[in-house]
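What the coordinates show
Each chain, letter by letter, is given below.
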Amino acid sequence: MTDHNGVIRTEKLNLFYGSFRALKDVDIEIAPNQITSLIGPSGCGKSTLLRVFNRMNDTIEGVKITGRVYNGSEDIYHGGTDIDILRRRIGMVFQRPNPFPLSVYENVAFGLRIHSFPGKSALDGIIEESLKSVLLWDELKDRLKKSALNLSLEQKQRLCIARLVAVRPDIILLDEPCSTLDPMATLKIEELMVELKKKYTIIIVTHNMQQAARVSDDTGFMLLGELVEFGKTSKIFTSPVEKKTEDYITGRFG
Amino acid sequence: MRRLKKLRDYIIEKMIFISGIAAIIFVILIFFFLVKEGGSFFGEYNIKDFIFGHFWYPASDSPRFGILPLIAGSLVIVVGATILAVPLGIMAALYISEVAPKGLKDLLKAGVEMLAAIPSVVVGFVGMVTLVPVIKTVFGIPTGLTALSGCIMLAFMAMPTIVSISEDAINAVPWNYKEGALALGATKWQIMYRIILPAATPGIIASVMLGIGRVIGETMAVMMVTGNAAVIPSGFLESVRTMTATIAAEMGETVRGSSHYRSLFAIGAVLFVITFIINFIADTYLHKNKE
């Protein structure tokens, strides 16, 4: 199972910002076609961990990583990985929806154009399919040529997911994707995540514990750079092993 | 004491007000002066013959005031300088803001500012002693004082404007666009070409227009290297004379109030209209960029 492209596994992962140790000996194994959520208080390293998986931390100066990170059987930090291809396989959705200042159509086409231009008619098909998979097609099919910047926040976030789906990744990373959305929009994005896990492995960082409890299969609780506890969501939220986990999920701190 | 304070406030307030509107007053005054002096010229000389006339013989017995050669001269210089400065300037801006490491970035920015600070007469004479002989030998022509020399020197002068304003526009492209593209596996070049440049386009257009504005209004450097022949040029390797150079060169020799004198003001009015339009376009795009 571990050579599945939807699997991510870390061994003794440490990450330093300069001399600050932001991740401490993290060992985690993320299962394919499931939703794994990472929870914990601000600054616990959950977003940092997420950004290890698609090497987005590489853009920050002074970041150093020790240990191993495997995607399937590939060591993504030591295996001569092509970062551009890695990031196509492991897509990311950000906290603030960030559609490009282009048309709806071009937003979804972006990834295809930069990786392998499939030709005009195939492109149209993939774009329709991608927008359908995030349930935006009916809303936007008449506005494909209009700027994506005028959409609602929720539509923008869906579009950002469609943009990933178009390049057929194995894994989708979501970094607090609902923190700027209202409760109704949040619910819709959550429904979408459940739909998407049939095809993709989904890892979500969230501040919202109810969200983690609602949507995820596995949950990891992080504190001060350590993965305190990791396991089935139902177990973490009902009978956590660690005292700290219990304190956090019952709202005693955080 | 209280009254003194009030008086002081009043005076300061008025002084600030006057300083604030000084710029616009100057523009209006210059405009009226040009219209008055230049406008009276059109009372005695047909405006159509002025703008479309092929011959500029202001001092002959039967003077002719056709500024088409001068407009053509300015146009050739502007087009040539733009062709050279725009790609160079935009690429330099991209390099400075997106590629160059921190130390080099600061050095380059300082360099661009230095380039902007060089007086145009210095640019002119450096061009005259270095570039002009080179152009003469390279192309095997009788004189290096050509439109091409002017284009190259003025491209240098337009560069700082284009680089610094384009760089501002490129820097203003939000990081989260770049982050989104990066997370999709785009390379640095793909991000520049597909995201940053389109997003920064209004600012880049504004920078180009302001650069063109600088070129069209430039006088000293262009006068020193272009040869100043008032003929419609058929290529870049001929001497040209711009509108600005004509005004600068001839104003001192005219009789105050004569037709020649007033025709120079009329040229000034034409220049004013052109630069006004260019600035207006630049301004429109600068505002677009801010939105």
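Residues numbered from 1 in each chain as written. Chains lettered and ligands numbered in written order. Predicted model: local features only at pLDDT ≥ 70, side-chain atom pairs only at ≥ 80, totals over all residues. Heavy atoms only, no water.

1. Details of the interface of chain A and chain B
The line we're drawing: Only heavy atoms enter the contact rule, under which two residues are in contact if any of them lie within 4.5 Å. Put simply, buried area is how much 1.4 Å-probe accessible surface two parts lose in total, over both of them, once they are put together. Here, a salt bridge means any side-chain nitrogen of Lys or Arg that lies within 4 Å of a carboxyl oxygen of Asp or Glu. Here a polar contact means two N or O atoms within 3.5 Å. Within protein one must be a hydrogen donor candidate and the other an acceptor candidate, and residues neighboring in sequence count only if both atoms are side-chain atoms. Counting from the N terminus, the helices are DSSP H or I runs at least four residues long and the strands are E runs at least two residues long. The residue classification treats Ala, Val, Leu, Ile, Met, Phe, Trp, Tyr, Cys and Pro as nonpolar and Asp, Glu, Lys and Arg as charged. All others, Gly included, are polar.
Of the residues lining the interface, 25 residues belong to chain A; the matching set on chain B comes to 16 residues. Interface area for chain A against chain B, summed over the two sides, is near 1,700 Å², with a carbon-plus-sulfur share of 66%. Linking chain A with chain B are one salt bridge. Put simply, chain A and chain B have four residue pairs in polar contact (both at pLDDT 80 or more) between them. Mapped by element, the contributors of at least two residues to the side of chain A that touches chain B are α2 (83-89), β6 (90-93), α3 (104-115) and α6 (153-165) of chain A. With four residues, the top contributor of residues to the side of chain A that touches chain B is α3(A). Residues belonging to the side of chain A that touches chain B are distributed by class as follows: 13 nonpolar, five polar and seven charged.

2. Concerning the packing of helix α4 (residues 102-117) of chain B against helix α6 (residues 147-171) of chain B
Residue and element names in this part refer to chain B. For clarity, the threshold we go by: Orientation is described by axes fitted as lines to C-alpha atoms, over the contacting stretch for helices, and by angles from 0 to 180 degrees between their N-to-C directions. Note on angle classes: values under 35 degrees are labelled roughly parallel, values over 145 roughly antiparallel, values of 65 to 115 roughly perpendicular, and the remainder oblique. Working rule for handedness: look at the near helix, and if it is turned counterclockwise from the far one by less than a right angle, call the crossing left-handed; if clockwise, right-handed.
Where α4 contacts α6, the two axes come as close as 8 Å, and the packing angle between them is 135°. One way to sum up the angle between α4 and α6 is to call them oblique. As α4 packs across α6, the resulting crossing turns out to be left-handed. Between α4, through Lys109, Val112, Leu115 and Ala116, and α6, the contact on the second element is made entirely by Phe156, Met159, Pro160, Val163 and Glu167. Considering only residue class, the contact of α4 with α6 consists of seven nonpolar, no polar and two charged.

3. Some details on unusual backbone geometry
Residues and elements named next belong to chain A. Definition in use: Residue exposure (1.4 Å probe, protein chains only): buried if accessible area is under 20% of the type maximum, exposed if over 50%, otherwise partly exposed.
At Asn33, a residue that is not glycine, the phi angle is positive and equals roughly 55°. With respect to the helices and strands, Asn33 occurs in the loop between β2 (20-30) and β3 (35-39). Positive phi, normally seen in glycine, also occurs at Leu224, with a value near 50°. Structurally, the position occupied by Leu224 is in the loop between β9 (218-223) and β10 (226-232). Using a relative accessible area of 61% as the deciding quantity, one classes Leu224 as exposed.

4. With respect to the nonpolar core
The following threshold applies: To form a nonpolar core, buried Ala, Val, Leu, Ile, Met, Phe, Trp, Tyr and Cys residues must be joined to one another through side-chain atoms within 4.5 Å.
Judged by nonpolar contacts, the single largest core of 139 residues is most densely connected at A:Val52, A:Phe53, A:Phe110, A:Leu131, A:Ile203, B:Phe50 and B:Ile267. When residues in this core are grouped by element, the largest group, 13 residues, is from α6(B). Apart from residues lying up to four places away in sequence, A:Phe53 is in contact with A:Ile8, A:Thr10, A:Ile28, A:Ile30, A:Val69, A:Ile76, A:Leu86, A:Ile90, A:Leu173 and A:Ile203. Core analysis: the second largest hydrophobic core is formed by eight residues, A:Met209, A:Ala212, A:Val228 and A:Tyr248 among them.

5. Concerning helix α8 (residues 188-217) of chain B
Test applied: Each residue after the first adds 1.5 Å to the expected span of a helix. Throughout, bend refers to the angle between the axes fitted to the seven residues that end at a position and the seven residues that start at it.
Taking 1.5 Å as the rise per residue, α8(B) with 30 residues should run 44 Å; its terminal C-alpha atoms sit only 37 Å apart, a clear shortfall. The largest bend along α8(B) measures about 60° and falls at B:Thr201, with the proline B:Pro202 one to four residues further on.

6. A word on the packing of helix α5 (residues 120-139) of chain B against α6(B)
Residue and element names in this part refer to chain B. One can describe the packing of α5 onto α6 by two numbers: an axis separation of 9 Å at closest approach and a directional angle of 140°. Between α5 and α6, the angle is such that the two are oblique. Crossing of α5 against α6: the hand is right-handed. Contact residues: Ser120, Val123, Gly127, Leu131, Val132, Ile135 and Phe139 in α5; Leu148, Ser149, Ile152, Met153 and Met157 in α6. Of the residues that constitute the contact of α5 with α6, the class distribution is nine nonpolar, three polar and no charged.

7. Considerations on a positive patch on the surface
The test is simple: Exposure above 30% relative accessible area and no salt bridge define the residues that can form patches, which grow by joining like charges within 9 Å and nonpolar side chains of Val, Leu, Ile, Met, Phe, Trp and Tyr within 5 Å. Areas reported here follow the Shrake-Rupley algorithm with a probe of radius 1.4 Å; residue values treat only the protein chains shown as occluding. Just so you know, the count uses Lys and Arg for positive and Asp and Glu for negative, and it drops His and the chain ends. In this description, the location of a charge corresponds to atom NZ of lysine, CZ of arginine, CG of aspartate or CD of glutamate.
Among the surface-exposed residues, B:Arg2, B:Lys5, B:Lys6 and B:Arg8 lie close enough to one another that they form a single positively charged patch. Looking at where B:Arg8 falls in the secondary structure, it is placed in helix α1 (residues 2-44).

8. So, the layout of surface pockets
The condition that has to hold: A 1.4 Å probe that fits but cannot get out identifies a cavity on a 1 Å grid over protein atoms alone, an open set with protein on both sides within 12 Å along at least five of seven lines counts as a pocket, and a residue lines either if it has an atom within 4 Å of a point. Grid points are joined across faces, edges and corners, and a volume is the space filled by probe spheres set on the points.
Volume-wise, the largest pocket comes out at about 690 Å³. Lining the largest pocket are 20 residues, and of these A:Thr59, B:Ser97, B:Glu98, B:Trp175 and B:Lys188 sit closest to its centre. Looking at the lining of the largest pocket, the elements with two or more residues in it are α3 (68-99), α4, α7 (175-183) and α8 of chain B. With four residues, the top contributor of residues to the lining of the largest pocket is α8(B). Residues of the lining of the largest pocket, tallied by class, amount to nine nonpolar, three polar and eight charged.

9. Some words on the domain arrangement of chain B
Residue and element names in this part refer to chain B. Test applied: By convention here, the domain bounds are inherited from an automatic or database domain assignment.
As far as domains go, chain B holds domain 1 (2-43) and domain 2 (47-290). When each unit is reduced to the centre of its C-alpha atoms, the spacing between domain 1 and domain 2 is 30 Å. Taken together, the contacts link nine residues of domain 1 with twelve residues of domain 2. Of the roughly 1,000 Å² buried where domain 1 meets domain 2, counting both sides, 83% is carbon and sulfur surface. Counting across the interface, domain 1 meets domain 2 through zero salt bridges. Grouping the amino acids of the side of domain 1 that touches domain 2 by side-chain chemistry returns six nonpolar, two polar and one charged.

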